[in-house]
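Residue strings, one per chain:
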Amino acid sequence: MSFTSQALNGSKPEQYAQLLQQAHALLHGERDRIANAANLSALVYHALPDLNWVGFYFFDGSELVVGPFQGLPACVRIPLHKGVCGAAARSRQTQRVEDVDAFPGHVACDSASRSELVVPLYADDVLIGVFDLDSPLLARFDADDQHGLEAIAACFMESLR
Ligand code: SME
């Protein structure tokens, strides 16, 4: 298989619709969690501007453990009571943090990170992990980004079934 990335264009929701289509095409026919997480991290990291980390943490039954990602080496284990990732996993709600320095318990892996979006990944009621994006810009993620990235996370979860 060869993948040609295509530039996104139009409004932000239109761009996310295009990115979602690319994600569907990329994951189509493959159920392997590591393969799909790796390819999706690469797709998103290279398609969207102003990101310094995109990747996955998977729940090992007690903690979140780093999975495939793009960016600098990251913290390996994050307990559920810690960080933006832990908050997303615990609350089952996407965490959109405009200023990570103002988030109590933020886990600083890359000191360049200024804002962060973390989407929890659940299969029915079972915690699978989180999809995490960091930006070197303050307030990089708005509601359009949240909706677009939640749809991409849902596409990943769908690929595992
Ligand atoms: N900042 C995250 C930790 C993971 S890194 O951003 C890759 C957190 O507070 O959970």
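Residues numbered from 1 in each chain as written. Predicted model: local features only at pLDDT ≥ 70, side-chain atom pairs only at ≥ 80, totals over all residues. Heavy atoms only, no water.

**Observations regarding the overall build of the protein chain**
(1) Moving on: Secondary structure assignment for the protein chain yields 4 helices and 6 strands.
(2) Moving on: When the helices and strands of the protein chain are listed from N to C terminus, the series reads α-α-β-β-β-α-β-β-β-α.
(3) Moving on: For the C-alpha atoms alone, the extent of the protein chain along its principal axes is close to 40 × 30 × 25 Å.
(4) Moving on: Here the protein chain holds 161 residues, and the buried ones make up 45% of them.
(5) Moving on: Pairs at least 24 apart in sequence give 50% of the contacts found in the protein chain among residues at least 6 apart.
(6) Moving on: With the model as given, the accessible surface of the protein chain reaches about 8,000 Å², and the carbon-plus-sulfur share is 50%.
(7) Moving on: Counting 11 positive and 20 negative side-chain charges, the protein chain places the centres of these two groups 5 Å from one another. (Helix = DSSP H or I, 4+ residues; strand = E, 2+ residues; numbered from the N terminus. Buried < 20%, exposed > 50% of the residue type's maximum accessible area, 1.4 Å probe, protein only. Contact = heavy atoms within 4.5 Å. Areas by Shrake-Rupley, 256 points an atom, 1.4 Å probe, with all protein chains shown as cover. Lys, Arg positive; Asp, Glu negative; His and termini not counted. Charge placed at Lys NZ, Arg CZ, Asp CG, Glu CD.)

**Points about the pattern of salt bridges**
(1) Moving on: Tallied over the full model, the rule gives 8 salt bridges.
(2) Moving on: With a shortest N-O distance of 3.0 Å, D60 and R77 are connected by a salt bridge. Remark: R77 occurs in strand β3 (residues 77-79) and D60 occurs in the loop between β1 (53-59) and β2 (63-71); sequence separation between them is 17 residues.
(3) Moving on: Connected via shared salt-bridge partners are K12, R140, D142 and D145. (Salt bridge = Lys/Arg side-chain N within 4 Å of Asp/Glu carboxyl O.)

**Observations concerning helix α1 (residues 12-27)**
(1) Moving on: For α1, with 16 residues, the first-to-last C-alpha span of 22 Å sits near the 22 Å given by 1.5 Å per residue.
(2) Moving on: Taken as a whole, α1 has its buried residues at Y16, L19, Q22, A23, L26 and L27. The buried residues of α1 occupy an angular sector of 120° when the element is viewed end-on, so they sit on one face.
(3) Moving on: The positive-phi residue at the C-terminal boundary of α1 is G29, with phi of around 80°. (Expected span 1.5 Å × (residues − 1). Arc of directions from axis to C-beta.)

**Comments concerning the nonpolar core**
(1) Moving on: One finds V44, F131, L133, L149 and F156 to be the most contacted residues of the largest nonpolar core, which totals 29 residues.
(2) Moving on: No other element matches helix α4 (residues 143-159), which puts 6 residues into this core.
(3) Moving on: For V44, the contacting residues outside a window of four places in its chain are L51, V54, F131, L133, L149 and I152.
(4) Moving on: The next biggest cluster of nonpolar side chains, apart from the first, holds 15 residues, and it includes Y57, V84, V100 and V130. (Core = buried A, V, L, I, M, F, W, Y, C linked by side-chain atoms within 4.5 Å.)

**As for the packing of aromatic side chains**
(1) Moving on: Taken as a whole and judged by the stated rule, the model has 6 aromatic pairs.
(2) Moving on: Summarising the aromatic geometry, the rings of W53 and F69 are spaced 5.0 Å apart at their centres and angled 20° between planes, so their arrangement reads as stacked. Linking W53 in strand β1 with F69 in strand β2, this pair joins segments that are 16 residues apart in sequence.
(3) Moving on: When the ring of F58 is compared with that of F156, the centres are 6.4 Å apart and the planes differ by 25°; the resulting orientation is stacked. Of this pair, F58 sits in strand β1 while F156 sits in helix α4, placing them 98 residues apart in sequence. Each member of the pair F58 and F156 is classed as buried. (Phe/Tyr/Trp six-rings, centres within 6.5 Å; stacked < 30°, edge-to-face > 60°.)

**Examining the site of the ligand**
(1) Moving on: With respect to spatial proximity, the complete set of residues near the ligand consists of W53, Y57, I78, G83, V84, C85, H106, V107, C109, E116, D132 and D134.
(2) Moving on: Burial of the ligand by the protein amounts to 100% of the accessible area it has alone, namely 310 Å².
(3) Moving on: Under a 2 Å grid-point criterion requiring more than half of the atoms, the pocket assigned to the ligand is the largest cavity.
(4) Moving on: Elements that contribute at least two residues to the shell around the ligand include exactly β1, α3 (83-91) and β6 (126-135).
(5) Moving on: Ranked by residue count, the leading element in the shell around the ligand is α3, at 3 residues.
(6) Moving on: Classifying every residue of the shell around the ligand gives 7 nonpolar, 2 polar and 3 charged. (Near = heavy atom within 4 Å. 1 Å grid on protein atoms, 1.4 Å probe; cavity = no way out; pocket = protein on both sides within 12 Å on 5 of 7 lines; lining within 4 Å. Sits in = over half its atoms within 2 Å of the grid points. Nonpolar A, V, L, I, M, F, W, Y, C, P; charged D, E, K, R; others polar.)

None of this, on its own, says anything about what the molecule does.
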